[in-house]
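# A closer look at the structure
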Amino acid sequence: MSTAMIFVGLILSTILATASNSWLLAWLCLELNTLSILPFISKTKHPRAIEAATKYFLTQATASCLLLLAGTSNAWLTGTWDMTQMSNKLTSTTMLIALTMKMGTVPTHFWLPEVLQGSTLLTALLISTWQKIAPMSLLFIMSNNIQPTFTLTLGLLSTAFGGWGGMNQTQLRKMMAYSSIANMGWTVITLTHEPKASMINIFTYITLTTPTFLLMALTSTKTLQNMTTMWSTSPLATTIMALLLLSTAGLPPLTGFLPKLIIMNELVTQNLTPLATMTMMTSLLSLSFYLRTTYLTTLLNPPSSATSATKWRQKMTKNKTMILLPTATASTFMMPALIP
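One numbering rule holds for all chains: residues counted from 1, following each sequence as written. With the structure being a predicted model, the display of local features is reserved for residues of pLDDT at least 70 and the display and counting of side-chain atom pairs for 80 or more, all residues being used for whole-chain, interface and lining totals. For side-chain calculations, the full set of non-hydrogen atoms in the structure is used, while hydrogens and water are omitted.

### Regarding the pattern of salt bridges
The working definition used for a salt bridge is a side-chain nitrogen of Lys or Arg within 4 Å of a carboxyl oxygen of Asp or Glu. In this structure the tally under the stated criterion is four salt bridges. As a salt-bridge pair, R48 and E114 come within 3.8 Å of each other at their nearest N and O atoms. With R48 in helix α3 (residues 47-78) and E114 in helix α5 (residues 111-117), this residue pair connects regions lying 66 residues apart in the sequence. Among the residues examined, R48 registers a relative accessible area of 36% and is labelled partly exposed. Counting from the N terminus, the helices are the DSSP runs of H or I reaching at least four residues and the strands are the DSSP runs of E reaching at least two. Burial classes follow relative accessibility: with a 1.4 Å probe on protein chains only, a residue under 20% of its type's maximum area counts as buried, one over 50% as exposed, and anything between as partly exposed.

### A look at the confidence of the model for the protein
Overall, the predicted model of the protein reaches an average pLDDT of 86, with 87% of residues at or above 70. For every residue, the predictor states its confidence as a pLDDT score lying anywhere from 0 to 100. Only heavy atoms matter for contacts: two residues are in contact if any of them lie within 4.5 Å across the pair. Considering only residues more than four positions removed or in separate chains, one finds that residues 304-308, a stretch of pLDDT under 50, has one contact. Residue range residues 336-340 is modelled with pLDDT below 50. Its contacts to residues more than four positions away, or to other chains, number three contacts.

### Structural notes on empty space enclosed by the protein
Any residue with an atom within 4 Å of a point lines the site, the site being either a cavity, points on a 1 Å grid over the protein atoms alone where a 1.4 Å probe fits but cannot get out, or a pocket, an open set with protein on both sides within 12 Å along at least 5 of 7 lines. Grid points are joined across faces, edges and corners, and a volume is the space filled by probe spheres set on the points. On inspection of all chains with the given rule, the structure shows three cavities of 30 Å³ or more. Looking at the largest cavity, its volume works out to about 90 Å³. If you go around the largest cavity, you meet 13 residues; those closest to its centre are A182, N183, W186, K260 and S286. Of all elements in the fold, only α9 (172-189), α12 (235-249) and α14 (273-298) reach the threshold of two or more residues within the lining of the largest cavity. When residues of the lining of the largest cavity are assigned to their parent elements, the largest contribution, five residues, is made by α14. Each pocket or cavity is described by its volume, and for the second largest cavity that value is around 70 Å³. Around the second largest cavity, the lining residues are L30, N33, T34, Y56, Q60, K102, W111, I127, Q131, K132 and P135. When contributions to the lining of the second largest cavity are tallied by element, the ones reaching two or more residues are α2 (23-41) and α3. Ranked by residues supplied to the lining of the second largest cavity, first place goes to α2 with three residues. Amino acids outside the nonpolar list (Ala, Val, Leu, Ile, Met, Phe, Trp, Tyr, Cys, Pro) and the charged list (Asp, Glu, Lys, Arg) are all regarded as polar, and Gly is one of them. Each residue belonging to the lining of the second largest cavity can be placed in one class, and the counts come to five nonpolar, four polar and two charged.

### With respect to the packing of aromatic side chains
Classification of ring pairs rests on two measures: the distance between centres of Phe, Tyr or Trp rings, Trp counted by its six-membered ring, which must be within 6.5 Å, and the angle between planes, read as stacked under 30 degrees, edge-to-face over 60 and tilted in between. Summed over the entire model, instances satisfying the criterion amount to three aromatic pairs. Where F7 meets F40, the ring centres are 6.3 Å apart and the plane angle is 80 degrees; that geometry is what we call edge-to-face. Taken together, the positions of F7 in helix α1 (residues 2-19) and F40 in helix α2 put the pair 33 residues apart, joining distant regions of the chain. Centroid distance Y56 to W111: 5.6 Å. Interplanar angle 70 degrees. Geometry classified as edge-to-face. Note that Y56 is positioned in helix α3 and W111 in helix α5, a separation of 55 residues in sequence. Of the two residues, Y56 and W111, neither departs from the other in class, the shared state being buried. A cation over an aromatic ring shows up here: K260 above the ring of W186, its NZ or CZ 5.3 Å from the ring centre. Distance and angle both matter: a charge sits over a ring if NZ of Lys or CZ of Arg is within 6 Å of the ring centre and within 35 degrees of the ring normal.

Written out as structure tokens, the structure is:
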């Protein structure tokens, strides 16, 4: 009963934050959202879970303080708490830093890999997807008042650091955390020029990440070593996982290529071709560890000697895999339907 109430509070706080038009109400809803997710992170009785909950709380509290500072300063300068009245450069930049800290972009990305690694797979799914909706909605509302140079710099740095950080990871939750940082970079980089493209990117990322984490949870897969024996549990789940990873990497004609194509087109339209080229080059870093994971999932046979240890898993039933099949199919072959 208590878990259901906390989950309802998590959902309602996000909905109210996205529907609010006042910075004071948005700050209140984001605080409620932070307090609602903390029991899920610390539910596992393990020191890493407590450490992850502490890091998440401290980071989100710092971001909330910056958000309240920016909102109060803006209300003092303009006489209103309205989100659309952010004409002052200092307050709008401070608000941008606060919201990007909640989302996990460079340079305030340091908390995300550690928090995801200390959480369960389903909690990591919530942090990677649902917890980004409210900050992204607030950024969308104030996108007209954000400094373009600042968002372009944050976006390029996030795609670069997300790619570099994920290359040497063997833990899948940390790898997905750096993937999230890189995708947030793609989202932020075009926020001031074409905010609708940013929203397409974030919701495409959520659509791709949700079945990926659910498949990891169903197959008890947490490391790259576990990925090598995933095919023995369920060949269908392995195939779906490979397609999801390639789609998240942005390979055409899968769905993940669509938002990147739109963002590249917008950057070139704004005469930012050098920046678009650098962003595409940094996306190759993310592509490298996605291809490595896909290779381990589908093309590598594990050692068959008796001395090798394999992870014990429950037998995957066909019904469990078929539940994810519609979502995974939509998230990998949805591109033709989304092209305007």
